[in-house]
Amino acid sequence: MAEAADFPGMSPSPARRWLRRTGALLAGAPLLAGLLQLPALPAHADTAAGVKEASDKGSVSVAVDSLTPAVPTEGDTVTISGTVTNKGKQAVTKAHVGLQVGSALTTRSAIDDAADDAEDLSAGYGSEVGGKYIAEFAKLTPGVAEHFSISVPADELDLGADGVYPLGVSLSGETTAQPWERMLGIQRTFLPWQPDEADTATRTTVLWPLISTVHMTAETGSNASQTPVFLNDDLAEEIAPGGRLDQLLSLGKDLDVTWVIDPDLLASVDAMTGSYRVRADGDTTTAGAHQAVAKKWLAELQDAVADKEVVALPFADPDLASLAHDGTGVAGSLSQLKAATDVATTTVETILHVTPSTDFAWPVEGAVDPSIVKVATSAGADKVIARSDSLAETGSLTYTPSAARPIGGGTTAVVADARLSKTFRGDLTNASASTLAVQEFLAQSLALNLQTHKQRSIVVAPQRTPTAGQAQAMAAAVTALQDSGWSQSQDLTAAARAKPDDSATTKVPSRSSYPSSLRKQELPKSAFEQIAATQDKLDNFKVILTDKSRVVTPFGRATNREMSTSWRGRSTGASTFRQGVQSYLDNLTDQVKLIDKSETNFSGRSATIPVTVQNNLVQGVHHLVLRLTSTNDTRLEIGGHDSDPRIEVSGGHSTTVKFTASANVNGQTTVIAQLYTEDGQVYGAPVTFDVKVTEITATVMLVIGGGVLLLVLAGFRMYTQRKRAAAREAQEAEAGTEAEDAEESAAAEADGGPGKPADAEDRTGEESAARSGADDPEQPSDGTADTAAESTAPSGTGERVDR
């Protein structure tokens, strides 16, 4: 009857009819209200009849701030502390806080339901422990929080067999409008009860993630140590005392957990131990000042993981689902995942001095489909950390199976338990929320253990970046679990090697089953296309560098960061980061460039054209080719490509190359200078300039021709003059010979023959010579010189100068 009354079309129950009639009487006769105090159980009666209060949560808020011990055993005293706050408009009088313990919950889903109804007044609960185990308040003023604490021996809670018991902490009291005792607020939690050691303990693996967001840029200083530049100083806050990562480290070092670490976090903190800079407004940076904090955090982490299992994710924790759904269609994307995996081991070994496992891939939220599994294992991992709400059970198992599942192709899915893994979500900064999460976690763990006597290996994979409050709750829960009698610790590698349950699901869900809420947060295909374009430019740039590591290493790690899982839900930040990496690479490549040229005048048939290459990098460049091309080879021809010069320029210097060119036709021609890598790839922007070719004109030809003609005529005149002079000399010589012969004949006849004395002959010769000189006819060259001897005046054309 009571159940029927809660459904449309059913007759009201007698109890409900009675309440309606009573309400009518109350409206007409307030004095009858006192009679209603006689049952003293109106709230209970309503609940039993299936009737809900107008407000399920009541007018008083009950917060359970602590419950110790979290896992009580026989002989323990359970202490529950917290606060009650009157949220109503009327004061509550004769109030007290009491404890109700319900019957043991036999299934994990029953625990889920109880957690959902934690503040619901209409939900079922057990009887109050009562007696002296209450906290009383004479008056609860609206808006004022009052503290309470109740301690009760575990034996007084009437707990029976091993199991999970719901524990209600309720506030009952009166108001002026309703002057009878009734429940005004409640908070339900759980008491895991197993006083003795379990016959079969569950082997539990808890992942302890040290993962952060992206902090470092691709930019480094031009000094020898390449000072790194950070996006902000947020990482310093995380590792500082009380910060999120400091809390995870401080809490985790005392727990038996498997550390799951992003090597990028280690590299970033390690970079902070030396000189570093932080991006400020615009392009300015400021010096980082948290070296001491970084050194202390790393030193403590080294001690914490010295004897623990460390799982290294690929560098920067790439988003495997985004790669699988949007990146595989872009060339080079999977090679980036391989590079991120390869560098992970080296980074962890160098900084933490331990050898990590890189066999595990961890998709976001443990959600998998065939494409994600394929990508996850493409870089060498053979184990995928999934979650049971993705790889859900479809068979008839009555218990939670072990985590390890063979899913084909030599790959093992390590399926984390969804209930345990998702317990520590939301805002756990207040003590009440944290306490409830701890108790629910322990309750689920005990319920799981009680399902069967078969020993199983269970994995807990919490959120990647828990807050400080969430980390504290996780640590409290894991500490209590390790002290319990039903669980024993196990590392992740052992859990992956455990024998799988034969009936457990091994079929990976289809791609269409992937949660749409997660799909909306993925990196789009355009992001991977931009990453690929940046990588292509980097590949083209690095071939010209004499020290490639200065550029390849920081940009390689920046590319990994562009694919980070931490960009989920931050699409604007992801786009800004990618653009920053691309812009910085553009800036570097632009440091090696051709100097702009103005118009060049070309006034001849051949000349040289100088082109200057400038290198503003701190390192030298080589393996470059400079090519000069005319857009009109008919007008201006430049040497062939076989003679293109190879370029080598030291850092901070420039070099000028001269090209030989020949003009065929006058006019203006556009010339393009372009740098290429030795493999023929275009490098940088071209430089275009005009060459104005001025070929020889008719007037100039006439002048030049006239000059040439004058030279020819002058040469001809000199030739004819010399020829005439030679002829005259020959005539004079012949005339002289004939005169001598005549004189000799005359002398011989006068002297009587040839017997004349020698001195007479001499005298005769001298006289003959004298006569000959006196009688010679005048020659043309014997006149006064055109220019006096030793004159400094210029000679005339074709003129002869006597000196």
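All of the points below concern the structure found in this document. The structure presented is a predicted model; accordingly, all values stated were derived computationally and were not measured. (Residues numbered from 1 in each chain as written. Predicted model: local features only at pLDDT ≥ 70, side-chain atom pairs only at ≥ 80, totals over all residues. Heavy atoms only, no water.)

Across the sheet, four strands lie side by side as S9-S10-S12-S13; this open sheet has mixed pairing. Either end of the sheet is taken by a strand with one partner, and the two such strands are strand S9 (216-220) and strand S13 (285-287). Going from strand to strand, the sheet's axes swing by 35° on average, the running direction of each strand aside. As paired strands, strand S12 (residues 277-279) and S13 are joined by three bridges and run antiparallel to one another. (Pairing = 2+ DSSP bridges. Helix = DSSP H or I, 4+ residues; strand = E, 2+ residues; numbered from the N terminus. Axes fitted to C-alpha atoms, helices over the stretch in contact; angles between N-to-C directions.)

All right, on to a nonpolar patch on the surface then. A cluster of nonpolar side chains, namely Val708, Leu709, Leu710, Val712 and Leu713, defines an oily patch on the protein surface of about 480 Å² accessible area. One can find Val708 in helix H19 (residues 698-751). (Patch = residues over 30% accessible without salt bridge, like charges linked within 9 Å, V, L, I, M, F, W, Y side chains within 5 Å. Areas by Shrake-Rupley, 256 points an atom, 1.4 Å probe, with all protein chains shown as cover. Salt bridge = Lys/Arg side-chain N within 4 Å of Asp/Glu carboxyl O.)

This part takes up the packing of helix H9 (residues 333-352) against helix H17 (residues 549-562). For any two helices packed against each other, the geometry is given by the interaxial angle and the distance between the axes. Viewed as axis vectors pointing N to C, H9 and H17 meet at an angle of 115°, and their least axial separation amounts to 10 Å. In terms of axis orientation, H9 runs roughly perpendicular to H17. The two elements H9 and H17 meet at a crossing, and its hand is left-handed. Of H17, the residues touching H9 (which contributes Gln336, Ala339, Ala340 and Val343) are Arg557, Thr559 and Asn560. (Parallel < 35°, antiparallel > 145°, perpendicular 65-115°, else oblique. Left-handed = near helix turned anticlockwise from the far one by under 90°. Contact = heavy atoms within 4.5 Å.)

Direction vectors running N to C along helix H16 (residues 525-542) and H17 enclose 175°, while the axes themselves pass 11 Å from each other. Our classification of the angle between H16 and H17 gives roughly antiparallel. Across from Ile531, Gln535, Leu538, Phe541 and Lys542 in H16, the residues of H17 making contact are Val551, Val552, Phe555, Thr559 and Glu562. The class makeup of the residues in the contact of H16 with H17 is six nonpolar, two polar and two charged. (Nonpolar A, V, L, I, M, F, W, Y, C, P; charged D, E, K, R; others polar.)

With that settled, consider the packing of aromatic side chains. Within the structure shown, the criterion is met by five aromatic pairs. Measuring from ring centre to ring centre gives 5.2 Å for Phe230 and Tyr276, while their planes differ by 65°; the resulting arrangement is edge-to-face. Within this pair, whereas Phe230 is found in strand S10 (residues 228-230), its partner Tyr276 is found in the loop between helix H6 (263-272) and S12, the two being separated by 46 residues in sequence. Take Phe230 and Tyr276: they sit in the same class, and that class is buried. On the basis of an interplanar angle of 40° and a centroid distance of 5.5 Å, the ring pair of Trp567 and Phe577 is categorised as tilted. With Trp567 in the loop between H17 and helix H18 (571-589) and Phe577 in helix H18, this pair connects stretches of sequence that are 10 residues apart. For the pair Trp567 and Phe577, one class covers both residues: buried. (Phe/Tyr/Trp six-rings, centres within 6.5 Å; stacked < 30°, edge-to-face > 60°. Buried < 20%, exposed > 50% of the residue type's maximum accessible area, 1.4 Å probe, protein only.)

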